[in-house]
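Chain by chain, the residues:
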Amino acid sequence: MVARSKETMTTDEATKSEGEVQAAALAERGEDITPSKDRGVLKVELLDFKGEDLFEDGGIIRRIKRKGEGYSNPNEGATVEIHLEGFCGGRRFDCKDVKFVVGEGEDHDIPIGIDKALEKMQRGEHCILYLSPRYGFGEAGKPKFGIQGNAELVYEVTLKSFEKAKESWEMDTKEKLEQAAVVKEKGTMYFKEGKYLQAVIQYGKIVSWLEMEYGLSEKESKASDSFLLAAFLNLAMCYLKLREYAKAVECCDKALGLDQDNEKGLYRRGEARLLMNEFELAKCDFQKVLEVNPQNKAAKSQISVCQKKTKEHNERDRRIYANMFTKFAERDAKEAASKTGVEKAAEKAACGKGPKTPGAEGEEAEGHV
């Protein structure tokens, strides 16, 4: 391509070139480059929504329209002030200025995906967020807004200001224990409402505050272990509901590290292992439950389920291997038959030529001479 000087460009081309340069400069400064006539109008094709995958699971995609200031981000528990507009299927269902605590947006009809995304935003940032159903209103939907279950959402969000929450190292043991009681109740409320991701955030705070806390008095240590045990058991239950069974097992392991004979910890780990098709390990957990509490009818029932599943699994494996061996045998038989046919053809050809007599050999030689 041959470069053209500005003098040889048409008026339209020169204007377009200058416009592109100006737009690039505005974008570089983090300013909104959306044409004024289009501002306030959301034009997003969900199937072709491109941007930054915030958690690398495709659940929250961000497209920045105006960059924020500084390098600080809201943390979990921070108080934020935002403006947001929510869209579903091209219809705007929410528009408001709101102040709330990150991790508790659901109290203001804000889906968990917004809480998560805010932890990646900077003051003054204006962005568009695509939320998958998992990070939106989930299977339940939001009847208040006329949103059905498993709906994809798009939000336009501006982070106006925020005040960070205290980090763990900024809190003393007394404050951590006091706050642990508060967030435990908050988590239980969310769990009862079926808001499991929100509950995970609350129970997770207890773990982050107390799991690595040292130098406690006997009374403080007892209270800390009690909160941690409850947090791990409740997290395990949340992860079972969210179908994240490996995380459920991990939380049960930590709970059983605090109380090796904990009935709930053993039972929930058994449930998670059963759902992961680890039937023998699950059966062992349910048997341990019966050692702790012989009257636990649910554990007895689950042992029967494990035995049934193990039998079904073994029978399925036998059928698979039997079919596999049958196919191998058929293939070997075909190869053997093919080989035999080739050998017989070779023998027949050799017999057709017949043995040569010495006289014939002499006559043949004389003929060549």
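The model shown is predicted, which means the values in this text are computed figures rather than measured ones.

### Side note on the nonpolar core
As a rule of thumb, nonpolar side chains are buried together in soluble globular proteins.
Then, in step 1: In terms of nonpolar packing, the biggest core is built from 63 residues, with I82, I114, L118, L129, L153 and Y155 touching the most fellow members.
Then, in step 2: Among the elements that take part in this core, helix α5 (residues 218-241) stands out by supplying eleven residues, more than any other.
Then, in step 3: Those residues in contact with L118 that lie beyond four places of it in its chain are P74, V80, I82, F100, V102 and L159.
Then, in step 4: Core analysis: the next-biggest nonpolar cluster, separate from the first, contains twelve residues, L266, Y267, L274 and I303 among them.

### Things to note about the sheet that holds strand β2 (residues 60-66)
Then, in step 1: The antiparallel open sheet is built from six strands, whose spatial order is β1-β2-β5-β6-β3-β4. Strand pairing shows two members of the sheet lacking a second neighbour, β1 (52-53) and β4 (91-101), which therefore form its edges.
Then, in step 2: Pairing between β1 and β2: two bridges, direction antiparallel. Across the sheet, E52 pairs through a bridge with R62, a residue of β2.

### Quick notes on α5
Then, in step 1: Over its 24 residues, α5 runs 35 Å from end to end, which matches the ideal 34 Å to within 8%, given 1.5 Å per residue.
Then, in step 2: Positive phi appears at R243, one or two residues downstream of α5, with a value of about 65 degrees.

### Some points on the confidence of the model for the protein chain
Then, in step 1: Across the protein chain, the average pLDDT comes to 84, with 79% of residues at or above 70.
Then, in step 2: Note on residues 1-41: pLDDT under 50 across the span, and 23 contacts to partners over four residues away in sequence or across chains.
Then, in step 3: Confidence over residues 360-369 falls short of pLDDT 50; this stretch has two contacts with residues more than four positions distant or in other chains.

### Examining the environment of F145
Then, in step 1: Tracing the backbone shows F145 in the loop between β5 (126-131) and β6 (153-163).
Then, in step 2: The buried category is assigned to F145, whose relative accessible area is 12%.
Then, in step 3: Each C-alpha atom of the pair F145 and R92 lies 9.5 Å from the other, and the pair is 53 residues apart in sequence.
Then, in step 4: Contact partners of F145, with chain neighbours within four places excluded, come to R91, F93, D94, D109 and F137.

### Describing the pattern of salt bridges
Then, in step 1: Applying the stated rule across the entire model yields 23 salt bridges.
Then, in step 2: Between E213 and K176 there is a salt bridge whose closest N-O contact spans 2.6 Å. Of this pair, E213 sits in the loop between α4 (196-210) and α5 while K176 sits in helix α3 (residues 173-192); the two residues are 37 residues apart in sequence, bridging distant segments of the chain.
Then, in step 3: A network of salt bridges, in which partner residues are shared, links E106, D109, K142, K144, E193 and K195.

### Concerning helix α7 (residues 263-275)
Then, in step 1: An ideal rise of 1.5 Å per residue puts 18 Å on 13 residues; α7 measures up with 19 Å between its terminal C-alpha atoms.
Then, in step 2: All of the buried residues along α7 are G265, L266, Y267, R268, R269, G270, A272, R273 and L274.
Then, in step 3: Its side-chain oxygen 3.2 Å from the backbone nitrogen of K264, N262 forms the N-cap of α7.
Then, in step 4: N277 sits one or two residues past α7 and shows a positive phi near 65 degrees.

Thresholds, definitions, all that
- Residues numbered from 1 in each chain as written.
- Predicted model: local features only at pLDDT ≥ 70, side-chain atom pairs only at ≥ 80, totals over all residues.
- Heavy atoms only, no water.
- Core = buried A, V, L, I, M, F, W, Y, C linked by side-chain atoms within 4.5 Å.
- Buried < 20%, exposed > 50% of the residue type's maximum accessible area, 1.4 Å probe, protein only.
- Helix = DSSP H or I, 4+ residues; strand = E, 2+ residues; numbered from the N terminus.
- Contact = heavy atoms within 4.5 Å.
- Pairing = 2+ DSSP bridges.
- Expected span 1.5 Å × (residues − 1).
- pLDDT = per-residue confidence, 0-100.
- Salt bridge = Lys/Arg side-chain N within 4 Å of Asp/Glu carboxyl O.
- Polar contact = N/O pair within 3.5 Å; in protein donor to acceptor, adjacent residues only side chain to side chain.

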